[in-house]
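Chains, contacts and geometry: an overview
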Amino acid sequence: MNYTIREIAYITNSRFIGNGEIKIKNIAFDSRTIYSTNRTAFLAISTKKNSGQKYIDSVIEKGIATIITENEISNPSVNQIITKNAIEFLQTLAHYHFENSEINSIGITGSNGKTILKEWLYQCLWNEFATVKSPKSFNSQIGLPLSILQIDQKHELGIFEVGISKPGEMEIQEYIFQPKIGLLTHLGSAHSANFQGEEELIREKLKLFNRSEIIFYNADNPLTDSIINQLYSHKKLISYGLESGNDITIISDINDRSQDIEMKYLDEIITLPIFQRDEATLTNVLALIGILKEFQISNSDIKEKIDDLKAVEMRLESIEGIRNNLIINDSYNLDLDSLKIAFQFISEYNKPKKSLILTDILDSYENSEELYSEVADLVNEQNFDKVFLIGDEISAYHDLFNSDTFTFVSTSQLIESKILNDLENQIVLLKGARKFGIEKIKEALELRKHDTVLEINLNAILHNINFHKSLLKPETKMMAMVKANAYGLGSYEISEFLQLHHIDYLGVAFADEGVELRKKGITTPIIVMNPEQHSYDSIIEYNLEPEIYSLRVLELFGEQLVKSGNQQKYPIHIKLETGMHRLGFKEPELDELMDHLQAMNVRVQSIFSHLSASDVPDEEEFTYNQLKTFEKDSAYLIKQLGYQPLRHILNSSGITNYTDYQYDMVRIGIGMIGESSNELIKNQLQASVTFKTVVSQISEVKYGESVGYGRKYKADHCTKIATIPVGYADGIPRIVGNMMGNVGVNKKLCPIVGNVCMDMMMINVDNANAKEGDPVIIFNSNPSLLEFSKYCNTINYEVLTSISPRVKRIYIKT
């Protein structure tokens, strides 16, 4: 995209104020992730839940000089494009831009696999054609047009994913983008609740391919196969899937790991050594092969490209570093698009200083001078304190970088220079091409080097929050519970992420937890659910909001409030006892409570209670009685107060099982981690936590020999035993030893043998084809967190909160 303001206004039937000859290259709609203000316009999008208008002042302060808005603003210092509807403006501009490009294109839609197939196709085709793709999961009514606007004159191929959530949306998406090659992935239950049935969902998805020349589609669903042949029998149709009748399918035994996978592509047999053999991966590989063959990629090149996919990871890691640094590791790939995404990512953190480690960009279609001039312009806008350049090519352009800049031939030279020892209390972004191996820098800078790690996928947490929000009214607020170190995930890191995404409240158990968050820069309102007497002064000093559950607590807090000299109405939250019999005011105490409240300088911010069995179907009658009690007692208090505090009673399982009682706010805890007692809901959530380690050593244990303390395990045959570096000091309870629990190695469950040690435990890997250094999944998918909790004879909450602080937390954004 490279249009003048005048041209944009003409294309979109808008009007402009200011300099119409200014050229715009980028459009931003999220004030939090603006990485460059140069030739960038801010689009103020208003939705039911949020208004982009309120962020205009902040983006102008950042340096944005052009605003696209539905309402003219009074600021002569900026250019303005005034449009009737911001989203339609974006879609119209993208439609024009695509229509006037000469790009070949692949459009991907479906329910599952869109993003991974887009990334795989890009990894396989970028060095064959100058390729542009959707960033991240940009596939919505806003995301698709923003993706399309990335197309420029050098691009030969565009790979874009297209998503919908309700009927009628695909017609708009198809107006914006008409792919020459269509790809329909697996159709599952995502967003299906908005459709009358499966047939309506399929027909809506297929509208994307009205003008496609060839369509690849997953035909394992007979209804999909039937409908697509009804609609598009005149087009070139190629089916893929695991069922034998497909044009592209698998003809060998996928469970026989001694043999490579044999696939049929039309009348041709292709053999590939695919290690990961779950159905989703294999189905995606079939789709990938079909499109690569369409582009005339040879079988030998296909094999090489698929082998290379093993190393592709779409993620940025956030890791605690030495000297209070935060290490952002994006050392998996490097091009201009991924560099922009990384800059967006670090803009979300509030550390005062930041440094960049950047390598040569390999295999670019641009000439070096143009490429590194653009790179330097982007880097200079980020205001890094120090920039470390690795590689002969980028180092030759060091004069283009404004920061304190250092050049090195290799990663080893940078590490050996010891200059990184000067970095303190900074964000350190590692951005490099894979051949430079800058993950070695991560290893040198990270605080904890334990092979056992807890990976937290922040995108999955956001997905789970948004799923729960989709069940609520737009105006219903949400509190996220971050007590107990955010269920073991890291209180500050999770709170900072949630604050960035505008969570309404945070909930902690004790004042110390809230104080720590305030000290680290968290400004979101924080409720202290169990305020202790000695902590009242800290609560007031750090602007925390206490739960008040008894007259004694109210009186003591009131006394401290007077001593503090506070002059304003202080926010408090009243807890009602409705049947759990833990904490809270009962009905006979409400009049006395009102007498105290009216005599104090406080304001009741919310009235709430807690459901004790919202996840137990057999206790539905009890739960409805709790809800009835809460309605009666809270309504009485509101009438006496004369104003309307927030009301909330639903926890994670309450949100999904008793949605009609959402009141003004809900509280999410385990639900944002991806856990639910409702199986239908659980299938819509994403697992956000992976507890994993590696195989340290594999030993052959002969018949009659024993393993571990107490000789509790004695081999009844010649056995392969792997030792893994995790034990009860890391949070593994001893109860899972002696064949009571399993871990995952190479997709196989391996029993834990012998007693769990403090720092290690042993597992039987007879059936896992394991080798030293292989990853070991303690819980994520196989086994799942729920399954591992059952091994431990406890609940998932306890498993998570028991994971030791010495286990390194890694925060992932894909």
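**Looking at the confidence of the model for the chain**
The predicted coordinates should not be examined in detail at positions where pLDDT is low. Per-residue confidence for the chain averages 91 on the pLDDT scale, and 97% of its residues sit at or above 70. Here helix α11 (residues 336–346) stands out as the element of the chain with the lowest mean pLDDT, 82, in contrast to strand β30 (residues 646–648), whose mean of 98 is the highest.

**Let's talk about the packing of helix α16 (residues 458–470) against helix α18 (residues 491–500)**
Put simply, α16 and α18 touch, their axes get as near as 11 Å, and they point 55° apart. As far as their axial angle goes, α18 and α16 are oblique. Considering only the axes of α16 and α18, their crossing is right-handed. Listed contacts from α18 to L458, I461, L462 and I465 of α16 are I494, F497 and L498. Of the residues that constitute the contact of α16 with α18, the class distribution is seven nonpolar, no polar and no charged.

**Notes on helix α23 (residues 620–641)**
Over its 22 residues, α23 runs 31 Å from end to end, which matches the ideal 32 Å to within 8%, given 1.5 Å per residue. Turning to α23, its buried residues number three or more, namely T623, Q626, L627, F630, D633, S634, L637, I638 and L641. One face of α23 carries all of its buried residues, which in axial projection span an arc of 150°. Those residues of α23 that are exposed and angled more than 90 degrees off the buried face are E621, K628 and K639.

**Things to note about the pattern of salt bridges**
Evaluated as defined, the whole model comprises 27 salt bridges. In this structure, K118 and E161 form a salt bridge, with 3.1 Å as the shortest nitrogen-oxygen distance. In this pair, K118 is assigned in helix α4 (residues 114–125) and E161 in strand β10 (residues 157–161), connecting sequence segments 43 residues apart. Each member of the pair, K118 together with E161, is buried. Across the salt bridge formed by K305 and E128, the nearest N and O atoms sit 3.1 Å from each other. With K305 in helix α10 (residues 299–308) and E128 in the loop between α4 and β9 (131–133), this residue pair connects regions lying 177 residues apart in the sequence.

**Overview of the sheet that holds β30**
With parallel pairing, the eight strands of this open sheet are ordered in space as β30-β29-β28-β27-β26-β25-β24-β31. Edge strands, defined here as strands with exactly one partner in the open sheet, are β30 and β31 (665–668). When strand polarity is set aside, the average angle formed by the axes of neighbouring strands in this sheet is 30°. When strand β25 (residues 505–508) meets strand β26 (residues 526–528), the two strands line up parallel, connected through three bridges. Bridge assignment links G507 to a residue of β26, and that residue is I527. Across the face of the sheet, helix α21 (residues 551–564) comes into contact with β27 (545–548), β28 (570–575) and β29 (602–608) while running at roughly 150° to β27.

**A closer look at the pairing of strand β24 (residues 477–481)**
With four of five residues buried, β24 is to be regarded as a mostly interior element. Sheet topology note: the β24/β31 ladder contains four bridges and is parallel. Residue pairing in the sheet places M478 in a bridge with V666 of β31. Where β24 meets β25, three bridges bridge the pair, whose relative direction is parallel. For M481, the partnering residue across the bridge sits in β25 and is G507.

**Remarks on helix α9 (residues 279–294)**
For an α-helix the count is 3.6 residues per turn, leaving residues at separations of three or four pointing the same way. The end-to-end C-alpha distance of α9, which contains 16 residues, comes to 23 Å, matching closely the 22 Å that a straight helix rising 1.5 Å per residue would cover. α9 sits mainly inside the fold: 13 of its 16 residues count as buried. Trailing α9 by a residue or two, Q296 shows a phi angle of about 65°, which is positive.

**Here we look at the environment of D220**
Note that D220 resides in the loop between β12 (214–218) and α8 (222–232). Exposure remark for D220: the relative accessible area of 25% places this residue in the partly exposed category. With 389 residues separating them in the primary sequence, D220 and S609 have C-alpha atoms 48 Å apart. Among the polar contacts made by the side chain of D220, one reaches the main-chain amide nitrogen of L242 at a distance of 2.9 Å. Side-chain polar atoms of D220 contact the side chain of N246, separated by 3.0 Å.

**Comments concerning the packing of helix α22 (residues 590–598) against α23**
Their axes nearest at 11 Å, the elements α22 and α23 cross at an angle of 35°. Two packed elements cross with a definite hand, and for α22 against α23 that hand is right-handed. Within the contact between the two elements, α22 uses L590, D591, L593, M594, L597 and Q598 and α23 uses D633, Y636, L637, Q640 and L641. For the contact of α22 with α23, the class distribution of residues is seven nonpolar, two polar and two charged.

**Comments concerning the sheet that holds strand β5 (residues 40–43)**
Pairing is mixed across the open sheet formed by five strands, whose spatial order is β2-β7-β6-β5-β4. A single partner strand is all that each edge strand has here, and the edge strands are β2 (15–17) and β4 (26–28). With strand direction ignored, the average angle separating the axes of adjacent strands in the sheet is 25°. The sheet contact formed by β5 and strand β6 (residues 66–69) spans three bridges and is parallel. Residue pairing for β6: F42 is matched across the bridge by I67.

**Digging into the nonpolar core**
Side chains of a nonpolar character, in soluble globular proteins, are inclined to be buried together. Membership of the largest hydrophobic core comes to 103 residues, with the highest contact counts inside it found for I494, L498, I574, L597, I763 and F779. When neighbours within four sequence positions are excluded, I763 is seen to be in contact with K720, I721, A722, I724, V743, V745, C750, P751, I752, V753 and V776. Grouped together as the second largest cluster of nonpolar side chains are 47 residues, I103, I148, L184 and I227 included.

Cut-offs applied
- Starting from 1, residues in each chain are numbered consecutively following that chain's sequence as written.
- Only residues with pLDDT of at least 70 are given local features in this predicted model, and only at 80 or more are side-chain atom pairs given and counted; all residues enter the totals for whole chains, interfaces and linings.
- Hydrogens are left out, water is left out, and the side-chain values use all remaining heavy atoms of the structure.
- pLDDT measures the predictor's confidence residue by residue and takes values from 0 up to 100.
- Numbered from the N terminus, helices here are DSSP runs of H or I no shorter than four residues, and strands are runs of E no shorter than two.
- Simply put, an axis is a line fit to the C-alpha atoms, just over the touching stretch for a helix, and the angle between two N-to-C directions goes from 0 to 180 degrees.
- Angle categories: roughly parallel below 35 degrees, roughly antiparallel above 145, roughly perpendicular from 65 to 115, and oblique for all the rest.
- Handedness of a crossing follows from how the near helix is turned relative to the far one, being left-handed for an anticlockwise turn of less than a right angle and right-handed for a clockwise one.
- Pairs of residues are marked as contacts when any of their non-hydrogen atoms sit within 4.5 Å.
- Note that Gly is not counted as nonpolar here; it falls among the polar residues with everything else outside the nonpolar set of Ala, Val, Leu, Ile, Met, Phe, Trp, Tyr, Cys and Pro and the charged set of Asp, Glu, Lys and Arg.
- To estimate how far a helix should extend, the number of its residues minus one is multiplied by 1.5 Å.
- The buried label goes to any residue with under 20% of its type's maximum accessible area, the exposed label to any with over 50%, and the partly exposed label to all in between, with areas taken from a 1.4 Å probe on protein chains only.
- Each direction from the helix axis to a C-beta atom contributes to the arc, which is the arc of those directions.
- Every case where a carboxyl oxygen of Asp or Glu lies within 4 Å of a side-chain nitrogen of Lys or Arg is listed as a salt bridge.
- Any two strands between which DSSP finds at least two bridges are classified as paired.
- In the analysis that follows, any N or O atom pair within 3.5 Å is treated as a polar contact, provided that within protein one partner can donate a hydrogen and the other can accept it, and provided that, for residues neighboring in sequence, both atoms belong to side chains.
- Side-chain atoms within 4.5 Å link the members of a nonpolar core, which is a set of buried Ala, Val, Leu, Ile, Met, Phe, Trp, Tyr and Cys residues.

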